[in-house]
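# Chain and residue survey
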Amino acid sequence: MTGHREPTVVGVPNFNAMEDAAALRAAMKGFGTDEQAIIDILTSRSNAQRQAISQAFTHEYGRDLIEDLKSELGGHFEDVIVALMLPPEEYLCKELNKCMEGLGTDESVLIEILCTRTKKEIADIVQAYERLYDRPLAEHMCSETSGDFRRLLTLIVTGARDEEAGVDAARAADSAQQLYDAGEAKWGTDEEVFNKILAHESFAQLRLIFEEYKNLAGRTIEQAIKAEVDGELKDAYSAIVECVENAAAWFAARLRGATQGAGTDDGCLVRVLASRAEIDLGNIKKEYERLYDKTLQSDLEGETSGDYKRALVALLGPA
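So, here's what we can say about the structure. Note that the structure is predicted; figures quoted are calculated from it, not measured.

## Describing the overall build of the protein
When helices and strands are tallied, the protein shows 19 helices and zero strands. For 319 residues, the compact-globule estimate of 2.2 N^0.38 gives 20 Å, and the C-alpha radius of gyration of the protein, at 21 Å, lies within 12% of that figure. Here the contacts in the protein between residues at least 6 apart in sequence split such that 71% fall between residues at least 24 apart. When the accessible area of the protein is evaluated, it comes to approximately 14500 Å², of which 48% is carbon and sulfur surface. Once the 35 positive and 58 negative side-chain charges of the protein are each reduced to a mean point, those two points are 1 Å apart.

Have a look at this one:
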């Protein structure tokens, strides 16, 4: 499902970086912090506007706005605000680095960030990663993952996806046949074929391939993947397939998973809301309500509290 993407944060008209910088300074100066003022300003400005505020703040006060915010705020509320203040690709690099550093790797974060983004978004992340961490993302990722899962992510990160080829029905039918032959038609699965097609073809071409697959196999590619593949490779394939068909529904399911069950996955809530607010959070809200018969806002309010809750809800835009 392509259609119209609805952001919930679009920035403000008549924007004045100097005024916002002064208001943020006032909110943090002296005794106590005016958290509501910080929320009101930063959740309604676009990322480009926030970068301008940050520059104005340093220019005027000789201080680093992110450092000042960090010293005044804490907990998950601080996480949301810092996520909003960083350029999008830098924020996602930090999240990728965090999920790979230390003991064990959180594959679900790798999948969420790398399998759902466009070629251009991936290229920006790859460039920023090397600048921030002085090592290539592909190299770091290869040391933390293995097997076909590693091969798939490496293809994505090295920019294998072909966004220029246009959509070709004959080629789509051929790819669908290859997928069928590599999966359902044989004993065991040839992941190499799946990796090649799912990581190389553009989302528009994949949409056509999946339609052809259904005509050919009599069931959807999702059903085939769930039956043929398991573990993180299955999750990665499913993320690509679902984002091709309806990215907003995939992210809605991710948020639902973060609010249900034992404990809340705050990392996921912050990351999805902060990184999708200027892209398609409006669509994600609608899909959430359609899929779960509850509003995203009501589930967030049930799972979070205080300034953290207010900041997340503000990102959702008008109810």
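Now that the structure has been shown, we can carry on.
## Concerning helix α5 (residues 75–85)
Buried residues dominate α5, accounting for eight of its eleven residues. The set of residues buried in α5 consists of F77, E78, V80, I81, V82, A83, L84 and M85. The secondary structure elements touched by the buried residues of α5 are α2 (35–42), α3 (47–61), α4 (65–72), α6 (88–100), α16 (266–276) and α19 (306–315).

## Some points on the environment of Y308
Following the sequence through the fold, Y308 ends up in helix α19. Relative accessible area serves as the criterion here: at 7%, Y308 is assigned to the buried category. Considering only alpha carbons, one finds Y308 and D79, 229 residues apart in sequence, at a separation of 8.8 Å. Once you skip the residues sitting within four places of it in the chain, Y308 turns out to touch H76, F77, V80, D266, L269 and V270.

## Points about the packing of helix α1 (residues 17–28) against α4
One way to put it is that α1 packs onto α4 with a least axis distance of 11 Å and a crossing angle of 30°. One way to sum up the angle between α1 and α4 is to call them roughly parallel. For the pair α1 and α4, the sense of crossing is left-handed. Residues L24, R25 and M28 of α1 touch α4, and the partners they reach there are L65, D68, L69 and E72. Looking at side-chain class alone, the contact of α1 with α4 contains four nonpolar, no polar and three charged residues.

## Comments concerning the packing of aromatic side chains
Overall, the coordinates contain six aromatic pairs when judged by the stated rule. When the ring of W250 is compared with that of F251, the centres are 5.0 Å apart and the planes differ by 90°; the resulting orientation is edge-to-face. According to the relative accessible area criterion, F251 is buried, its value standing at 0%. Here the guanidinium or amino end of R25 rests over the ring plane of Y61, the centre of that ring lying 5.4 Å away.

## Looking at the packing of helix α14 (residues 221–228) against helix α15 (residues 231–259)
Axis separation between α14 and α15 bottoms out at 10 Å; the angle between their running directions is 175°. Comparing the axis directions of α14 and α15 gives the class roughly antiparallel. Along its contact with α14, which presents I221, E222, I225 and K226, the element α15 presents K234, Y237, S238, V241, E242 and E245.

## Some words on the pattern of salt bridges
Evaluated as defined, the whole model comprises 19 salt bridges. Across the pair R45 and D20 runs a salt bridge, and its minimum N-O distance is 2.7 Å. Of the two residues, R45 is situated in the loop between α2 and α3 and D20 in helix α1; the sequence distance between them amounts to 25 residues. Just as R45 is buried, D20 falls in that class too. Note that D124 is salt-bridged to K120, the shortest N-O span being 2.7 Å. A residue pair is termed a helical-turn pair when its members lie 3 or 4 positions apart in one helix, as D124 and K120 do in helix α8 (residues 119–133) at four residues.

## Regarding the side chain of T8
Counting through the fold element by element, T8 comes out in the segment before α1. Contact partners of T8, with chain neighbours within four places excluded, come to A277, L281, G282, K285, L315, L316 and G317.

## Regarding the nonpolar core
Counting 100 residues, the largest nonpolar core has I38, L42, L69, L114, L206 and L273 as the members making the most contacts within it. Take this core: its biggest share by element is 15 residues, from α15. Apart from the residues within four sequence positions on either side, L273 is in contact with L255, L281, L296, L300, L312, L315 and L316.

## Here's the deal with the environment of P87
Structurally, the position occupied by P87 is in the loop between α5 and α6. Along the sequence, P87 and E139 sit 52 residues apart, while their C-alpha atoms lie 23 Å from each other. Excluding residues within four positions of it along the chain, P87 makes contact with N47 and Q51.

Cut-off values and rules
- Residues numbered from 1 in each chain as written.
- Predicted model: local features only at pLDDT ≥ 70, side-chain atom pairs only at ≥ 80, totals over all residues.
- Heavy atoms only, no water.
- Helix = DSSP H or I, 4+ residues; strand = E, 2+ residues; numbered from the N terminus.
- Rg over C-alpha atoms; globule rule 2.2 N^0.38 Å.
- Contact = heavy atoms within 4.5 Å.
- Areas by Shrake-Rupley, 256 points an atom, 1.4 Å probe, with all protein chains shown as cover.
- Lys, Arg positive; Asp, Glu negative; His and termini not counted.
- Charge placed at Lys NZ, Arg CZ, Asp CG, Glu CD.
- Buried < 20%, exposed > 50% of the residue type's maximum accessible area, 1.4 Å probe, protein only.
- Axes fitted to C-alpha atoms, helices over the stretch in contact; angles between N-to-C directions.
- Parallel < 35°, antiparallel > 145°, perpendicular 65-115°, else oblique.
- Left-handed = near helix turned anticlockwise from the far one by under 90°.
- Nonpolar A, V, L, I, M, F, W, Y, C, P; charged D, E, K, R; others polar.
- Phe/Tyr/Trp six-rings, centres within 6.5 Å; stacked < 30°, edge-to-face > 60°.
- Lys NZ or Arg CZ within 6 Å of the ring centre and 35° of its normal.
- Salt bridge = Lys/Arg side-chain N within 4 Å of Asp/Glu carboxyl O.
- Core = buried A, V, L, I, M, F, W, Y, C linked by side-chain atoms within 4.5 Å.

So, to be careful, I would describe these as geometric facts and stop short of saying anything about function.
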